[in-house]
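Survey of secondary and tertiary structure
Residue strings, one per chain:
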Amino acid sequence: YTLTNYAEHTEHFSHDMANRYLADAALRPHLVWENTRDQVVQTPYGFLVFDDTIVDKNFSHKIALVRRQYSGNAHGVIKGIGVVTCVYVNPETDQFWIIDYRIYDPAGDGKTKLDHVAEMLRNCVYQKHLALWAVLMDTWYATKDLLLQIEACGKIYYCPLKDNRLVDDS
């Protein structure tokens, strides 16, 4: 939805007020955790889900973070902003919470999507001390280094493998 649509459906905020707020706000990843920490119902059977998405900005020409990248939803390369997300899932209560995210900006920070996932995993285990049992992720994240990091944290992982991957199960 657009800011104009939002303003048309609220009594307290005009389009300009919402636009100024978003332009001035620094919505950092740590704020997500600060606002969800007290709502998360942890369980030793919990798991983290890592995934990425592309926010479609095909018609944007001046947004700094927009770059051409592959989108699984579009089944091709589009202009967009890449976002890597971390979701905590409690399978006992059938609830989930977005607890972290990273903007994929390799030109700005030099990090890959795998770097972001590794960073968020370490943060969840060593700083947030989340109770969890497993890490779930897409095929793209099934790399030796990341899987070894998950094992080093004492967690198990599940991710489908592409047909062209070689696995040494020893």
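Quantities reported herein were computed from a predicted structural model and do not represent experimental measurements.

1. Some thoughts on the side chain of His116
Tracing the backbone through its elements, the reader meets His116 in helix H5 (residues 113-127). In this structure His116 touches Val84, Arg102, Ile103, Tyr104, Asp109 and Lys111, once residues within four positions along its chain are discounted.

2. Here we look at H5
Compared with the 21 Å implied by 1.5 Å per residue over 15 residues, the 20 Å span of H5 between its first and last C-alpha is a close match. Along H5, the residues that are buried comprise Lys113, His116, Val117, Ala118, Met120, Leu121, Cys124 and Val125. Those residues of H5 hidden inside the fold are in contact with strand E1 (47-56), strand E3 (76-90), strand E4 (95-104), helix H4 (106-109), strand E5 (134-137) and helix H6 (144-152). Two or three places before Leu114, at the opening of H5, Thr112 has a side-chain oxygen 3.3 Å from that residue's backbone nitrogen. Directly beyond the C-terminal end of H5, a positive phi value near 50° is found at His129.

3. What to know about the side chain of Gln149
Along the chain, the position of Gln149 falls in helix H6. Residue classification places Gln149 among the buried residues on the basis of a relative accessible area of 16%. A distance of 3.2 Å separates a polar side-chain atom of Gln149 from the backbone oxygen of Ala118. Apart from residues no more than four positions distant in its own chain, Gln149 is found in contact with Ala118, Leu121 and Arg122.

4. Quick word on the nonpolar core
Counting 26 residues, the largest nonpolar core has Leu48, Phe50, Tyr88, Ile99, Leu121, Leu130 and Met137 as the members making the most contacts within it. Breaking this core down by element, the ones donating at least two residues are E1, E3, E4, H5, E5 and H6. Counting residues per element, this core draws most heavily on H5, at six residues. Leaving out residues up to four positions away in the same chain, Leu130 has contacts with Trp33, Gln42, Leu48, Tyr88, Ile99 and Cys124.

Conventions we followed
- Residues numbered from 1 in each chain as written.
- Predicted model: local features only at pLDDT ≥ 70, side-chain atom pairs only at ≥ 80, totals over all residues.
- Heavy atoms only, no water.
- Helix = DSSP H or I, 4+ residues; strand = E, 2+ residues; numbered from the N terminus.
- Contact = heavy atoms within 4.5 Å.
- Expected span 1.5 Å × (residues − 1).
- Buried < 20%, exposed > 50% of the residue type's maximum accessible area, 1.4 Å probe, protein only.
- Polar contact = N/O pair within 3.5 Å; in protein donor to acceptor, adjacent residues only side chain to side chain.
- Core = buried A, V, L, I, M, F, W, Y, C linked by side-chain atoms within 4.5 Å.

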